[in-house]
Amino acid sequence: MKSAQERAIMSRYDFRKSGVKVVYAFMVACIVLISLSMLYPFVNTFLNSLKSTQEFFAFPAPFFPSKFLWGNYKESLTYLNIGLHFKNTILIFAGNTFFSLTFLGLAAFSLSHLRVPIKKWITLYFLSTLLIPAASYLIPNFLNLKDLGLLNSYWAYWLPAGANAFYLLLLKNFFDGIHKELFESARIDGASEFRCFLGIAVPLSAPILITLVLLGFSTTWNDFYWSSLVMQEDKLPLAGAIYTKIIYPGSTINWNVRFAILSMTLLPPLALFLFFQKYIISGLSLGAVKG
Amino acid sequence: MELQLDSPIAKPGLRRRTRWYFWGLLFLIPEIVIFFIFLWVPIAKGVAYSFYNVDFVSGNSFVGLQNYSEVLSNPDFYTAIKNTLVYMGLALLIGFWVPIAMAIAVSELKWFQGPARIVGYLPSIIPAIVLYGMWQWFYDPVGPINTFLNFIGLESFDFYSKEHAVFSLIILETWQNFGSATLIYIAGLAAIPRDLYEASELDGAGVWARIRYVTLPSLKNLILLLLVLQVIATSQAFQSQLLMFGGGPDNATLTYLLLTTREAFTYFNFGKASAMGVIMFVVLVLFSILTIKIRKGGEEA
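Not measured: the values here are computed from a predicted model. (Residues numbered from 1 in each chain as written. Chains lettered and ligands numbered in written order. Predicted model: local features only at pLDDT ≥ 70, side-chain atom pairs only at ≥ 80, totals over all residues.)

Caption draft 1: Spotlight on the overall build of chain B. Scanning chain B for helices and strands turns up 13 helices and two strands. For 301 residues, the compact-globule estimate of 2.2 N^0.38 gives 19 Å, and chain B exceeds it by more than 25% at 26 Å. In terms of overall dimensions, chain B has a C-alpha envelope of 80 × 60 × 35 Å along the principal axes. Across the 301 residues that make up chain B, the buried fraction comes to 37%. When contacts within chain B are restricted to residue pairs at least 6 apart in sequence, those whose partners lie at least 24 apart make up 66%. (Helix = DSSP H or I, 4+ residues; strand = E, 2+ residues; numbered from the N terminus. Rg over C-alpha atoms; globule rule 2.2 N^0.38 Å. Buried ≥ 20, exposed ≤ 12 C-beta atoms within 10 Å, placed from the backbone. Contact = placed C-beta atoms within 7 Å.)

Here you go:
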């Protein structure tokens, strides 16, 4: 990133002009306003979850609740068994991570460091799927899982998680950057290819693996539509359960209780983001490379 | 390239060749199988089902092009295409320039650059379902935005009416998505050599001229890339339309993909839905090829 003494588009000289000063002040004001509008919904959601219903609809609505009603959180549990759905989400996430990273990692390692016949065609077999928009096979994908008898089972997530050409491409690119000599010397020392993968390639690619795990987490945590199709009732992950039980259009559940549930759903990704900022942001620029 | 010292071609024989390729293939086989079952089979099935009447009880029956002709004669099909195009256009018009402007502004900040970046990205980490839950309330007739409008003496704004629905969606989507694009642009801005600004300033270029003739041309490729990505993403939009408006009022927010999922999971016309998927596939792949061609042509010129 840019260091402090380096200039940007504007130089120190520009700041002597009054016109530039005005525009700059306006710009800063805009950024502050936008930042506030970014933060407001978070704060508002949380504070609303602690209000009573009367306070919620009072006019003008107070920003802070007069009393913190933590009881809303307790009440929300009667609408939704959050613990159960949280467990489902974690189960799906853990399985997805395990299957996708293990098998994709092996395949990417093979493509970049092992002897493979017709390598070009096999690579094409994997990566050409990137061109096909996911939405266009949404329906047949569902029918396919139904034919396989996987509906309402965690395998409907775990196995397809491995069919991710984007992750494969990222892993392969990363493995390509590891020097071949490392593996050659390990082989001479008698390491099997599997040892090479597990002992050298995996530890060296920790950053990309962490990024992919985080990406996987946000995908699982976010997905409500697909899960509401594939899973039922007690097996739904949290987002799917909220979709089918709490926030469908025309829901009549009290707003403050709804907001309590939303606050709880918001917390894990927020915490993860604040902890793993660096990896999430690097994952983002990877996403841009996808096209 | 592999070292060819121990080439299987020199000493032919199936066993030798399998040993030579053993590990490479062993590591690939699980993924080859997974990709086949969960990507290539559904894609092929999608094309196949589009010619069938899919019936879970009495079995599938071949109907030829009937699905396609039914899809094409459905007036909703054209409404959905029109809505999708309008949505894509408005998203470009209202949402596309915001991250560019924001990125330039934020990277000009002298203080608090770090927090400004993070704050813009915060909405992107909100799970979609929470986002819609929040905005259902913000757009509510008695929600905070309308309360505020009343407070400063303006009339309430009906975010859910037929005319405003698309507009409401775009604001919501822009609010959520602009942060990630901003961060990508900021990374692009950081890569522009400072000497260029220095030189153009010495040549007498003002701040606007520097942005116009140095910054934006340097970002050209990134802007094009994000443009293509946004077009592809918005053409597949349906989740916010579904959750905020359920496709209504009066089909005002019925997008192409929403119609597809409706055919499938409300009316159980899986054959018709597959046909719509195939049509979408053809259009989007043509679009991708076209943009690749244009970008290649642009580089050669």
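Caption draft 2: Representation of helix α1 (residues 18-48) of chain A. For α1(A), built from 31 residues, the straight-helix expectation of 45 Å at 1.5 Å per residue is met to within 8% by its first-to-last C-alpha distance of 44 Å. The largest bend in α1(A) is about 30°, located at Leu39(A), with the proline Pro41(A) one to four residues further on. (Expected span 1.5 Å × (residues − 1). Bend = angle between axes of the 7 residues up to and from the residue.)

Caption draft 3: Main features of the nonpolar core. Counting residues in each nonpolar core, the largest one holds 133 residues, and the members touching the most others are Ala107(A), Leu171(A) and Ile242(A). Sorting elements by how many residues they give to this core places helix α7 (residues 165-190) of chain B first, with twelve residues. Each residue touching Ala107(A), except ones within four places of it in the same chain, is listed here: Leu168(A), Phe27(B), Leu28(B) and Glu31(B). (Core = buried A, V, L, I, M, F, W, Y, C linked by C-beta atoms within 7 Å.)

Caption draft 4: Inspection of the confidence of the model for chain B at higher detail. On average, residues of chain B score 83 in pLDDT, and 94% of them are at 70 or above. Predicted as a complex, the structure gets a pTM of 0.82 and an ipTM equal to 0.81. (pLDDT = per-residue confidence, 0-100.)

Caption draft 5: Quick look at the interface of chain A and chain B. Contacts between the two partners involve 79 residues from chain A and, on the opposite side, 79 residues from chain B. For the side of chain A that touches chain B, the element with the most residues is helix α14 (residues 255-289) of chain A, which contributes twelve residues. Of the residues belonging to the side of chain A that touches chain B, the class tally is 57 nonpolar, 15 polar and seven charged. (Nonpolar A, V, L, I, M, F, W, Y, C, P; charged D, E, K, R; others polar.)

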